[in-house]
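# Structure at a glance
Spelled out from the first residue to the last, the chains are:
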Amino acid sequence: MSPLTTTRPNPVSLNRHLFIVDNYHLLKSMDSESIDLICTDPPFAKNDTFIGSLRPPLTEEEIQKELETLKRWGIGSAADAERLDVVWPTGETTAKFTDIWSWESDVHEQWMDDIRDNRPTVFKIIETSRKTHSEGTAAYLAYMAVRLIECHRVLKSSGSLYLHCDHTANSYLRMLLDGIFGEQNFRNEIIWRIGWVSGYKTQKRGWIRNHDTILYYIKSAAAAKQFNKEYLPYPTDYVRRDGKRPTGKGFPIEDTWNCHKGDVLDSIMIKSFSSEKTGYPTQKPVALAERIVNASSNPGDVVFDPFAGCAYIPVAAERLGRQWIACDISPRALTVLRRQFKKFEYAVDGETPEGVLASDNVSLARTQVTVRGPAELPIRTTMEDDIESIKPLPQRRYKTRASIFTRGEMLEFLLNLSGWRAWCCGFANWRENRDSTLSIERTIRNFELDHIDPKSKQGRHEIDNRAPLCPYHNSLKSDRRILLDDLRIEIEERGELVVPSIDDLVNLAWARDQAIEHLIGGRAKLRARTLSGLA
Ligand SMILES: C[S@@+](CC[C@H](N)C(=O)[O-])C[C@H]1O[C@@H](n2cnc3c(N)ncnc32)[C@H](O)[C@@H]1O
Ligand SMILES: [Zn+2]
């Protein structure tokens, strides 16, 4: 018997797509292992609102276009926008975003349920941050955690993530990413010197703050090999210690950027006349994004920016011949991206381009940028057991429950009951031995933890309501809220039972009793962990 195959191709190419929606929804609907590089500049938890005036000023026509686009997506009012998790353009002509966080308005109860169930380490990091920092920072981290968990899922195993942040939350984000990517997959903490500081800032008593941090993680050890090393050219007057001219490619770039002679990467925010300037309050230089895209992707690769803002990352990706996908919650990002891509003579959202400004790297083909709204998300073809938390989202409110096992502990315990076979069809992890015989490998890899009674029918998260399924049958369920017993009947009808009678495999009622005994009795080697109440 050979293992069932579970890999399926992503049928839709999302190249040159901008999604105007909360990136949580987009991420949830993206395929696993479909992205080569995530490079993004999310909110920093500054506890402030950022406002910038677009350059040139926003026109009446552009505002109308934003409203028309929203209308096309069935969003005609602020209430519609709120319901669909899009920012409503309130008639302001600025680029504005709020970087203030609270449990009530930014965190769904369901998210914390999922994190606590599936990512207990991440849960603890969030908990810790409310003690060492603030409620606001904890809420921010919860908001970021659900998105970064999805970022990790959608990355290919050869993929990398670059997360731009600053001193406000960098150490917390680093812990969060250690919890999600694994500390062994941390590569660098890049220091980006912002550049010249205003006279006012230099008045400060103490060290003048002048850097942001970019955290660089890879999904797996394999991704480290993908790195394209970059060099700064030797200065024309540079000689080696022996007096000879250097022969190498230049100085290899270190993890301190814009800090050395010859490495000019100043923030465009401080260069008042930069032609790059869009007026977006958080814009960074295209050259900064290009350095990252060059190093950690190759031509044709897919670059994704879930917090795209004024689109300098998509611009860098396009210039370097990568595919890109972008997302922003605000339709103002659409206007700015449209302006940016018009420079390349691209047709954005069906428009005819005008005002050509050719670039060396980009063909002048009238290439189409597609804009999509909340109801036009891709259809995910790889399904794991988190499908039930996609939609509809419950009330935004947060509370907690007590005792749980970790996901790994539950899988291990339940698989032991069935001799390391999935409870759907009897699938097992077969391994070929040296003598060509097969034996079952006892690893939780390739199993997914599902609910016996679906969560939507008040099924419990606890171990007595959980079952290990094979990914193939778990994905078969798609988003149907189906009971395990019914799924098994379906599998039998499809002739896909690897073990003819599931009841031979595991007696569900008995297994539940065992699980409950473990949960209550606490005799097992498995730990039932109690997390202190938060509410
Ligand atoms: C710190 S700014 C950085 C943007 C970008 N680096 C720039 O300025 O070009 C964060 C951006 O993320 C967007 N944003 C915030 N929360 C979001 C979410 N949940 N989904 C998508 N975009 C979001 C904001 O509208 C804002 O444009
Ligand atoms: Zn199965």
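Residues numbered from 1 in each chain as written. Chains lettered and ligands numbered in written order. Predicted model: local features only at pLDDT ≥ 70, side-chain atom pairs only at ≥ 80, totals over all residues.

Side-chain positions along a regular strand alternate between the two faces of the sheet. Burial of strand β11 (residues 302-305) is two-sided: the residues Val302 and Phe304 facing one way and the residues Val303 and Asp305 facing the other way are all buried. With two bridges joining them, strand β2 (residues 35-40) and β11 adopt parallel strand pairing. Residue pairing for β11: Leu37 is matched across the bridge by Val303. With four bridges connecting them, β11 and strand β12 (residues 323-328) associate as parallel partners. Bridged to Val303 within β12 is Trp324. What joins β11 to β12 is helix α11 (residues 312-319), and the crossover it makes is right-handed. (Buried ≥ 20, exposed ≤ 12 C-beta atoms within 10 Å, placed from the backbone. Helix = DSSP H or I, 4+ residues; strand = E, 2+ residues; numbered from the N terminus. Pairing = 2+ DSSP bridges. Right-handed = clockwise from strand over helix to strand, strands pointing away.)

Taken together, the neighbourhood of ligand 1 is formed by 19 residues, with Asn23, Asp41, Thr282, Phe307 and Gly309 sitting nearest. Of all the elements in the fold, those that place two or more residues in the shell around ligand 1 are α1 (23-28) and β12. Of the residues in the shell around ligand 1, the class split is 11 nonpolar, five polar and three charged. (Near = placed C-beta within 6 Å. Nonpolar A, V, L, I, M, F, W, Y, C, P; charged D, E, K, R; others polar.)

A few words now on the sheet that holds strand β5 (residues 155-165). Taken together, the 10 strands give an open sheet; going across it, the order is β10-β6-β7-β5-β2-β11-β12-β1-β14-β13, and neighbouring strands pair in mixed fashion. Only two strands of the sheet have a single neighbouring strand rather than two, namely β10 (256-257) and β13 (347-348).

Along helix α13 (residues 407-417), the positions that sit buried rather than exposed are Glu409, Met410, Leu411, Phe413, Leu414, Leu415 and Leu417. One or two residues past the end of α13 sits Gly419, with phi positive at roughly 65°.

Attention now goes to the packing of helix α2 (residues 60-72) against helix α12 (residues 331-342). Two elements in contact, α2 and α12, have axes whose closest approach is 10 Å; the angle formed by their N-to-C orientations is 125°. Taken together, the axes of α2 and α12 lie oblique to each other. Crossing hand, α2 versus α12: right-handed. Residues Glu62, Glu66, Thr69 and Leu70 of α2 pack against Pro331, Leu334 and Thr335 of α12. Tallied by class, the residues present in the contact of α2 with α12 amount to three nonpolar, two polar and two charged. (Axes fitted to C-alpha atoms, helices over the stretch in contact; angles between N-to-C directions. Parallel < 35°, antiparallel > 145°, perpendicular 65-115°, else oblique. Left-handed = near helix turned anticlockwise from the far one by under 90°. Contact = placed C-beta atoms within 7 Å.)

A separate point is unusual backbone geometry. A cis geometry characterises the amide bond from Arg55 onward to Pro56, with omega recorded as -10°. The phi dihedral of Ala311 is positive, around 70°, even though this residue is not glycine. Tracing the backbone through its elements, the reader meets Ala311 in the loop between β11 and α11. Notably, Trp420 is not glycine yet its phi reads approximately 60°, a positive angle. Within the element layout of this structure, Trp420 appears in the loop between α13 and β15 (430-432).

Both strand β6 (residues 186-193) and strand β7 (residues 211-218) contribute to a ladder of seven bridges, which runs antiparallel. Within β7, the position partnered with Arg193 by the bridge is His211. With two bridges joining them, β6 and β10 adopt parallel strand pairing. Among the inter-strand pairings, Trp192 is bridged to a residue of β10, identified as Trp257.

The interhelical angle for the contact between helix α7 (residues 135-154) and helix α8 (residues 170-181), taken along N-to-C directions, is 35°, at an axis separation of 10 Å. For the pair α7 and α8, the sense of crossing is right-handed. Facing α7, whose interface residues are Thr137, Leu141, Met144, Ala145, Leu148, Ile149 and His152, α8 presents Tyr172, Leu173, Leu176, Leu177, Ile180 and Phe181. Classifying every residue of the contact of α7 with α8 by side-chain character gives 11 nonpolar, two polar and no charged.

Right, let's get into the nonpolar core. Counting residues in hydrophobic clusters, the biggest one holds 100 residues, and the most contacted among them are Ala142, Ala145, Leu176 and Ala311. Looking at this core element by element, the count peaks at 13 residues for α7. With sequence-adjacent residues up to four places away left out, Leu176 is seen in contact with Val122, Ile125, Leu141, Met144, Ala145 and Leu148. Within the second largest apolar cluster, 24 residues are counted, among which are Phe413, Ala422, Phe447 and Leu484. (Core = buried A, V, L, I, M, F, W, Y, C linked by C-beta atoms within 7 Å.)

Turning our eyes to something else, we now look at helix α10 (residues 286-296). Within the sequence span of α10, burial applies to Leu288, Ala289, Arg291, Ile292, Val293 and Ser296. Turning to α10, the residues buried within the fold contact β2, β5, β6, β11 and α11.

Before going further, it helps to spend a moment on the environment of Ile292. Mapped onto the secondary structure, Ile292 falls in helix α10. The class for Ile292 is buried, based on 23 C-beta atoms found within 10 Å. Taking the C-alpha atoms as reference, Ile292 lies 10.0 Å from Ile38; in sequence the two are 254 residues apart. Apart from residues lying up to four places away in sequence, Ile292 is in contact with Cys39 and Tyr162.

Here we take up the confidence of the model for the protein. Taken residue by residue, the protein gives an average pLDDT of 82. The fraction at 70 or more is 82%. Contacts of residues 1-11 to residues separated by more than four positions or lying in other chains number 16 contacts, the stretch itself having pLDDT below 50. A low-confidence stretch, residues 360-364 stays under pLDDT 50, and its non-local contacts, those more than four residues away or across chains, total eight contacts. (pLDDT = per-residue confidence, 0-100.)

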